[in-house]
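Structural characterization, general
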Amino acid sequence: MSGATIIDGKAFAAGLRARIAEAVPAFSSATGRVPGLAVVLVGDDAASAVYVASKGKATVAAGMASFEHRLPADTKQEELIALVRQLNADESVDGILVQLPLPKHLDEQAVVDAISPEKDVDGLTPISTGRLALGLPGLVPCTPLGSLMLLKDHIGDLSGKDAIVIGRSILVGKPMAQLLLAENCTVTIAHSRTRDLKARVQQADIVVAAVGRAEMVKGDWLKPGAVVIDVGINRLDPAEGETKGRLVGDVDYASALELASAITPVPGGVGPMTIACLLRNTLVAAHRRAGLADPEGL
Ligand SMILES: Nc1nc2c(c(=O)[nH]1)N[C@@H](CN(C=O)c1ccc(C(=O)N[C@@H](CCC(=O)O)C(=O)O)cc1)CN2
């Protein structure tokens, strides 16, 4: 029988969203307006459409204004950048998020670079990534921020822990490694060219899996007692006998339960934290734009 704790990201995210909703009225009293989040969706990727709809709902539920912009798949780069610039200039918008991935013909980094850093609630502009690398306050990408919140809530002080981040994306792997470094972890970043990944994972007290490959990290790779954050969201193919395209993470959950001391499930782990942290970043961005101190307890 496994003694691993299941880290309940869904419950933690619900608590964070409730605290955000409680903090919005104070912002409105101070400024006479509500914080606003603009989300841009280009094309018809089904999963992206679901995430964007969830973001809009969560924004409104927190008492903020949601501005959704849906553009066709053949939108030109200049049209998308023109929309981003329009949102940069819009005083009712505190946060701008362009849903990723974009259709192949669009240059993601150029589009992200057009977002005003003060409204960069996704934390992906060069200014935001640079500030994170320098250890300066800024806006941090939502999935790694949420993952760190779960780790700190479960472990407390992370100082001196050996951590491995598997994956080096701009959205998760790189910022996650920076956040762990800022918490005084000793951090290894592993990727597709890393040799003997299993041996490296076996050294780690904290394993963050963000590779996008279903159940790649096996339970017997783990150091006994490791804390596992599974960022992967992989839908298995119903054509291969999987019921209704079951969702799994990057970690083989059943075998990981044997050695891990704690693990985030998929679904219900890191995923819900992504949207809660987006609301948190929007409220923080709104405070900073209005010249107010950051809201407390978020
Ligand atoms: N501009 C961005 N694009 C993307 C981001 C991002 O942070 N910024 N992240 C992901 C997708 N994403 C939000 O955009 C996201 C992914 C998953 C979840 C979530 O709550 N997942 C649930 C399961 C949902 C399901 O059943 O399909 C869970 O894990 O419990 C929320 C947001 C890529 N794009």
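Computed from a predicted model, the values in this text were never measured in an experiment.

**Side note on the UniProt feature "binding site: NADP(+)" (unreviewed entry) in the protein chain**
Using the residue numbers shown here, the UniProt feature "binding site: NADP(+)" (unreviewed entry) corresponds to Gly-167, Arg-168, Ser-169 and Ile-233. Mapped onto the secondary structure, Ser-169 falls in the loop between strand 5 (162-166) and helix 7 (173-182). The class of Ser-169 is partly exposed, set by a relative accessible area of 31%. The residues touching Ser-169, leaving out its near neighbours within four places in the chain, are Lys-174 and Pro-175. A distance of 2.9 Å separates a polar atom in the side chain of Ser-169 from the backbone nitrogen of Val-172. Mapping Ile-233 onto the fold places it in the loop between strand 8 (227-230) and strand 9 (234-235). Those residues within four positions of Ile-233 in sequence are excluded, and the remaining contacts are Tyr-51, Leu-247, Val-248, Val-266 and Gly-271.

**Re unusual backbone geometry**
Following Leu-100, the chain continues into Pro-101 via a peptide bond in cis, with omega recorded as 5 degrees. Note on placement: Pro-101 falls in the loop between strand 4 (95-98) and helix 4 (108-113). We note that Asn-184 has phi near 70 degrees; this positive angle belongs to a residue other than glycine. Mapped onto the elements, Asn-184 comes out in the loop between helix 7 and strand 6 (186-190).

**Thoughts on the site of the ligand**
In the vicinity of the ligand there are 17 residues, among which Lys-55, Val-98, Leu-100, Asp-122 and Gly-268 approach most closely. Asp-122 is positioned with one of its side-chain polar atoms (N or O) 2.5 Å from a nitrogen atom of the ligand. Protein burial of the ligand: of its 690 Å² of free accessible surface, 81% is covered by the chains. For the shell around the ligand, the secondary-structure elements that each account for two or more residues are helix 2 (46-61), strand 4 and helix 10 (270-289). Of the residues that constitute the shell around the ligand, the class distribution is ten nonpolar, four polar and three charged. When residues are assigned to domains, the shell around the ligand turns out to be shared by domain 1 (32-116) and domain 2 (142-271), each giving three or more.

What counts as what
- Residues numbered from 1 in each chain as written.
- Predicted model: local features only at pLDDT ≥ 70, side-chain atom pairs only at ≥ 80, totals over all residues.
- Heavy atoms only, no water.
- UniProt positions renumbered as here; feature names shortened; annotations may be inferred.
- Helix = DSSP H or I, 4+ residues; strand = E, 2+ residues; numbered from the N terminus.
- Buried < 20%, exposed > 50% of the residue type's maximum accessible area, 1.4 Å probe, protein only.
- Contact = heavy atoms within 4.5 Å.
- Polar contact = N/O pair within 3.5 Å; in protein donor to acceptor, adjacent residues only side chain to side chain.
- Near = heavy atom within 4 Å.
- Areas by Shrake-Rupley, 256 points an atom, 1.4 Å probe, with all protein chains shown as cover.
- Nonpolar A, V, L, I, M, F, W, Y, C, P; charged D, E, K, R; others polar.
- Domains from an automatic or database assignment.

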